[in-house]
Amino acid sequence: MRRLIAMLLLVLLLCPVPWAVASTAAPTVDTTWMSVLLGGRKIGHLKIDRESGQGMVTTTQTLSIMLNRTGRSIPLSNMIRSVESTDGEPLAFASRTSMSAMDSVIDGQRQSDGSYKVTTTVGGATRESSLYWPAGALLNDGQRRAMLAASRQPGLQYQLQMFDPASQQVMDVAIEVIGNEQVKLPGGTEMLNHQRQRLHQTRGDQILDLWLDDHGQARKGIISMLGRQLEMLACDQTCAMAPVQDVDMFRAAMVDAPRPLTPNLRESFLRYRVRIEGSGSSQPIINTDEQRVRRLADNEWQIDIGPAYAGGQRPPQPEDLQANSWLQSDAPAIRDLARQAVGSATSNRQKIRRLRSFVSHYITQHGLDVGYASALEVVGTRQGDCTEYSVLLAAMARAEGIPARVVTGMVYADRYANTSRVFVPHAWVQAWIDGRWQSYDAALRRFDSTHIALDSGDGDPWHFFSATDLFSSMQIEDVMPSWEFMSPAPAGAVAPPALGGNGGG
């Protein structure tokens, strides 16, 4: 589910919006509607409002979708706004995302010195920071202008620096002008300019095909997500607002296990042979102190998971102790809760174990209808799934001076959502204990060798979005405990004693 909203946000960011002639007269507003489909089924709509006048262009894109997650309907929405001068100079930006009971809001306003005052509100907590605009970065109308100019040159390949208001980062996008094509839309056939955008990412390129009209406005967009085709099609309001159809995304994010993993296997050292389509020689899965990854061939990888040994990943950095918008470890409510949880514990190992146990019992409503909440929001609601357990545990650990990261990955389940023997998306926490990173799982109450780590970070949901792109391209071909393959293990593999000594939970 989170991967879907990320893909839709990506389409928004890379998709130029309606063209209008700027005027110094009273502002005018033009509205464009688009229908959003996944695998041919309608899941929502996009409304684009463009206000022009008085030397400014304000573009507001509002996305609303409905997903089904194991029988529950979950509404998700996002708003992105960009304010630019009529020649494309950035003036302000904003983003509002609804993935839980409380909206996440970002507002950036240009200051007299050229910097931007950025106000971020997550889980009811507000933070302010300063941003200096990245050289060459464009907001929406600047992107439209550049793509319109390029549309006249079939075969042209060029680069755009696109600013993302949600992450406040710049995406370096390579674009190819394919040429004019007849395109069928709900309202009829149109002659549109086909351009292909390629966003380079660590785990492989993300490709978005766009078809633009003669004003540089996107009328159609296609991107691949979890093995399905995500489409955005321009149409009238009635078409865009038509009822949605159920799409259960959770099954698409599951990876089948090649064998049952009994409790004794889960507690042992495990070696996985995994095929990840499109990975080539670029390592798509992280090394950790508990997990070592080795390439066997193009798209073929070996993953060894066992006890924690130092050296698999970099040691703690300053940011691993800092509060941020998602892990508000400096909030009095979280500090008080952490002190209550650790009690008389003195060592960090004792503290993290007590924190893990406390969080496991503190969240009393295990809900799949929470999209992604911050730690401070979880303190108030006491509900959520694995991500909410993880952000709260990581924030409480940082409040106690323990470096902590949120891990995005997958874990084995004998049965989940009427499916047997699968790996499902999951999140847990790494804490720096006794000179190495060790894992603690507050949702499942224990860590074992069926936890495959894909990424780790500071609790920002974009880490989750990035990592879950692997689910549709991954196939686990084999899983073996240490006694089924030759000893000693090859160089670079984790040694195979039982997991009981790592202290994780």
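Here is what the cut-offs are and how they apply
- Residues numbered from 1 in each chain as written.
- Predicted model: local features only at pLDDT ≥ 70, side-chain atom pairs only at ≥ 80, totals over all residues.
- Heavy atoms only, no water.
- pLDDT = per-residue confidence, 0-100.
- Contact = heavy atoms within 4.5 Å.
- Core = buried A, V, L, I, M, F, W, Y, C linked by side-chain atoms within 4.5 Å.
- Buried < 20%, exposed > 50% of the residue type's maximum accessible area, 1.4 Å probe, protein only.
- Helix = DSSP H or I, 4+ residues; strand = E, 2+ residues; numbered from the N terminus.
- Pairing = 2+ DSSP bridges.
- Axes fitted to C-alpha atoms, helices over the stretch in contact; angles between N-to-C directions.

Trainee: Now, about the confidence of the model for the chain: what can you tell me, with residues and values included?
Mentor: Parts of the model with low pLDDT should not have their predicted coordinates read in detail. This prediction gives the chain a mean pLDDT of 85; 84% of its residues lie at or above 70. The low-confidence segment residues 19-24 (pLDDT under 50) makes 14 contacts with residues lying over four places distant or belonging to another chain. Confidence over residues 495-503 falls short of pLDDT 50; this stretch has 28 contacts with residues more than four positions distant or in other chains.

Trainee: Residues and numbers for the nonpolar core, please.
Mentor: Grouped together as the largest cluster of nonpolar side chains are 38 residues, with contacts concentrated most on Ile 334, Ile 352, Leu 355, Val 359, Leu 392, Leu 393 and Met 396. Where this core is concerned, the elements lending two or more residues are α5 (332-342), α6 (348-362), α7 (375-381), α8 (386-399), β21 (404-416) and β22 (419-433). No other element matches α8, which puts ten residues into this core. For Met 396, the residues in contact, after removing those within four places along its chain, are Ile 334, Leu 337, Ala 338, Ala 341, Leu 355, Phe 358 and Val 359. One finds Val 36, Ala 218, Leu 230 and Val 247 within the second-largest nonpolar core, a separate group that totals 30 residues.

Trainee: Could you give me a rundown of the environment of Arg 219, with the residues and numbers involved?
Mentor: Assignment of secondary structure puts Arg 219 in strand β13 (residues 218-225). Here the alpha-carbon distance between Arg 219 and Ala 234, two residues 15 residues apart in the chain, equals 5.1 Å. Excluding residues that lie within four positions of it along the chain, Arg 219 makes contacts with Met 34, Leu 185, Glu 190, Leu 192, Trp 211, Asp 213, Met 232, Leu 233 and Ala 234.

Trainee: Describe the sheet that holds strand β18 (residues 300-305), naming the residues involved and giving the relevant values.
Mentor: The strand order across the open sheet built from four strands is β17-β18-β16-β25, with neighbouring strands paired in antiparallel fashion. Each end of this open sheet is capped by a strand with a single partner; those strands are β17 (291-297) and β25 (474-481). The average angle at which neighbouring strand axes cross in this sheet is 20°, direction not considered. Note: strand β16 (residues 270-276) against β25, seven bridges, orientation antiparallel. Bridge assignment links Arg 275 to a residue of β25, and that residue is Gln 475.

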